[in-house]
Amino acid sequence: MPPQYAFLTNTFVSLLPMDLSGRFLSFFKQHPLRAGSRLLLAASGGVDSVVLCELCHRAGFPFLIAHGNFGLRGEESDRDEAFVKSLGLRYGVEVITERFKTAAHAEKEKCSIQEAARYLRYSWFFRLREERGLAAVVLAHHADDNIETLLMNFFRGTGLPGLTGMPATHEDGRLLRPLLGTRRSEILRFASDCGLEWVEDSSNSSSKYTRNFFRLQLLPAIAEVYPKVEDNLLDNIGRMQKIEALYLLSVRQLKEKLCKKLPSEIRIPVKELMRYSHTSLIYEIITDYGFGEKQVGEVIKLATAPSGRFIQNEAWQLIKHRNWFILAPRSGEAPSIAIEEEEKTVLFAGGLLSLRRVSKERSVLQTDASIAQVDAKLVKYPLLLRKWKEGDYFYPFGQRKKKKLARFFIDQKLPKNRKEAVWVLESDQRIVWVVGMRIDDRFRLTDATQSVLEITYQRTEGA
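Cut-off values and rules
Residues numbered from 1 in each chain as written. Predicted model: local features only at pLDDT ≥ 70, side-chain atom pairs only at ≥ 80, totals over all residues. Heavy atoms only, no water. Helix = DSSP H or I, 4+ residues; strand = E, 2+ residues; numbered from the N terminus. Rg over C-alpha atoms; globule rule 2.2 N^0.38 Å. Buried < 20%, exposed > 50% of the residue type's maximum accessible area, 1.4 Å probe, protein only. Contact = heavy atoms within 4.5 Å. Areas by Shrake-Rupley, 256 points an atom, 1.4 Å probe, with all protein chains shown as cover. Expected span 1.5 Å × (residues − 1). Core = buried A, V, L, I, M, F, W, Y, C linked by side-chain atoms within 4.5 Å. Pairing = 2+ DSSP bridges. Phe/Tyr/Trp six-rings, centres within 6.5 Å; stacked < 30°, edge-to-face > 60°. Lys NZ or Arg CZ within 6 Å of the ring centre and 35° of its normal.

Caption draft 1: Geometry of the overall build of the chain. Of regular secondary structure, the chain possesses 15 helices and 22 strands. Scaling as 2.2 N^0.38, a compact globule of 463 residues should have a C-alpha radius of gyration of about 23 Å, whereas the chain reaches 32 Å, well beyond that. Oriented by its inertia axes, the alpha-carbon framework of the chain measures out at about 100 × 50 × 50 Å. Classification of the 463 residues of the chain by burial places 42% in the buried group. Put simply, 66% of the contacts in the chain that link residues at least 6 apart link residues at least 24 apart. When the accessible area of the chain is evaluated, it comes to approximately 25600 Å², of which 51% is carbon and sulfur surface.

Structure follows, in structure tokens:
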């Protein structure tokens, strides 16, 4: 037995029914805790959470108890709170309670009472975990809860993850469900054998709540035709979990094959992606960037759309550019930067500019687009460094006619995200340089030039 389980003595094991003790101990062998870790046990006062407290106490886990009073059952809610506080006295641990305005939250967010209660309690649990420096939140969900969750997911519509039930661990191990493989009948038997007391939630007998309807009416009706329905559903959950693991492995390999990661964008070949003709693959790619199931159809339409079309959310945009999909962060508003004559370097959101003034005789002609060489006497300070905007125009080097930047970008076949990232350097309301691309012909070096302003652009990581 590993050192972290030294406290799980033979005495402890002998006090438990072997089926329940085996599952409980096996769970923590698979998900070991660091020495001295403290847990936050969510306790309603019902038999499930009471048994969870007893198991953790006997195992020697340091823990705190959290109880949320949702104020939905009047005196009964207050009774439950008082009972959970008595559990704290029994085990000599701290009990943290919170009273929630559940109905008010549901009305404000336009959601059901059940959804409001779930949001309030989970938000509170994770906040407590962070504030108290606790290892994990531990919940008393069991196998029967998992069956109900599977059915609820199935009937309201779900993908493969919904068919796998609740995960035994979640949030990178910050949420644990060590009883998920245990039937409620085993929990009741253990509670009875140990002489434990608990409180009953009267709302559990009402079929007006969806979960109760499945437990009290639907499952018993199905069991009349398929007596082993619950065992079969648990087996299905296990099979679906194995299928999901294989699915995720395949998806990861396909994403690595299709998604070419560049410093500031991800490129995906349109034809190759569409060749798979699989909406699930599209979903798995775009969901990493905040897009949802509803956008899958939009991506399929985008595949045959003209270059430049796009869809976007608050943080990302997916652009059709010729034969590629380009995933790129949306560019936010960036401030303009005034550059005085004495400044030698300027760090900005698009990278780094280095400026120096040299005589024409000492200047070596550069052809690199990241270096601009302009006639210093034509430049008026302060220079203005800013993002380009619609309506901007300049005289591209070598041309005597002005051209709008939007048209220039089209000629350069610049994708939308690259356009949005372009900065310009301006002197006296005239563009000197489209940074990293082309200088304005009005500032070019001529035979009359005596002094050269040389500006070097270096793209920094993340720019």
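Caption draft 2: Broad picture of helix H3 (residues 47-59). Compared with an ideal rise of 1.5 Å per residue, which puts 13 residues at 18 Å, H3 spans 18 Å between its outermost C-alpha atoms and is within 8% of the ideal. The set of residues buried in H3 consists of Val 47, Asp 48, Ser 49, Val 50, Val 51, Leu 52, Cys 53, Glu 54, Leu 55, Cys 56 and Ala 59. The positive-phi residue at the C-terminal boundary of H3 is Gly 60, with phi of around 90 degrees.

Caption draft 3: Representation of the side chain of Asn 146 within the structure. Its location among the elements puts Asn 146 in helix H7 (residues 143-156). With a relative accessible area of 4%, Asn 146 lands in the buried category. Apart from residues lying up to four places away in sequence, Asn 146 is in contact with Gly 165, Met 166, Leu 180 and Ile 237.

Caption draft 4: Up close: the environment of Gln 429. When you line up the elements, Gln 429 lands in the loop between strand E19 (423-427) and strand E20 (430-434). Note: C-alpha distance between Gln 429 and Leu 40 (389 residues apart in sequence) is 62 Å.

Caption draft 5: Fine view of the nonpolar core. Core analysis: the largest hydrophobic core is formed by 34 residues, its most contacted members being Phe 24 and Val 51. Elements with a contribution of two residues or more to this core: helix H2 (18-30), strand E1 (39-42), H3, strand E2 (63-69), helix H4 (75-91), strand E4 (136-138) and helix H8 (184-193). It is H3 that provides the largest number of residues to this core, a total of eight residues.

Caption draft 6: Fine view of H7. With 14 residues, H7 ought to run about 20 Å at 1.5 Å a step, and its terminal C-alpha atoms sit 20 Å apart, in line with that. For H7, the buried fraction is high: eleven of the 14 residues fall into the buried class. Those residues of H7 that sit buried are Ala 143, Asp 144, Asp 145, Asn 146, Ile 147, Glu 148, Thr 149, Leu 150, Leu 151, Met 152 and Asn 153. Gly 157 sits one or two residues past H7 and shows a positive phi near 100 degrees.

Caption draft 7: Structural detail: the pairing of strand E10 (residues 316-321). Most of E10 is tucked away, with five of its six residues classed as buried. With three bridges joining them, strand E9 (residues 310-312) and E10 adopt antiparallel strand pairing. The residue of E10 that forms the bridge with Gln 312 is Gln 317. Linking E9 to E10, which pair antiparallel, is a turn of three residues. When E10 meets strand E11 (residues 324-329), the two strands line up antiparallel, connected through six bridges. Looking across to E11, one finds that Ile 319 is bridged to Ile 326. Counted along the chain from E10 to the antiparallel partner E11, the turn is two residues long, and its residue Arg 322 has a positive phi close to 55 degrees.

Caption draft 8: Inspection of the packing of aromatic side chains at higher detail. Summed over all chains, the structure comprises 18 aromatic pairs. With a centroid separation of 5.2 Å and 20 degrees between ring planes, the pair formed by Phe 70 and Phe 100 is classed as stacked. With Phe 70 in the loop between E2 and H4 and Phe 100 in the loop between strand E3 (95-99) and helix H5 (102-109), this residue pair connects regions lying 30 residues apart in the sequence. Of the two residues, Phe 70 and Phe 100, both sit in the buried class. Measuring from ring centre to ring centre gives 4.7 Å for Tyr 289 and Trp 316, while their planes differ by 65 degrees; the resulting arrangement is edge-to-face. Taken together, the residues Tyr 289 in the loop between helix H12 (279-286) and helix H13 (296-302) and Trp 316 in strand E10 connect sequence positions 27 residues apart. By relative accessible area, Tyr 289 is classed as buried at 14%. An aromatic cluster is present here, built from Phe 70, Phe 100, Tyr 122, Trp 124 and Phe 125 joined pairwise through their rings. Sitting over the ring of Tyr 393, Lys 402 keeps its end group 4.4 Å from the ring centre.

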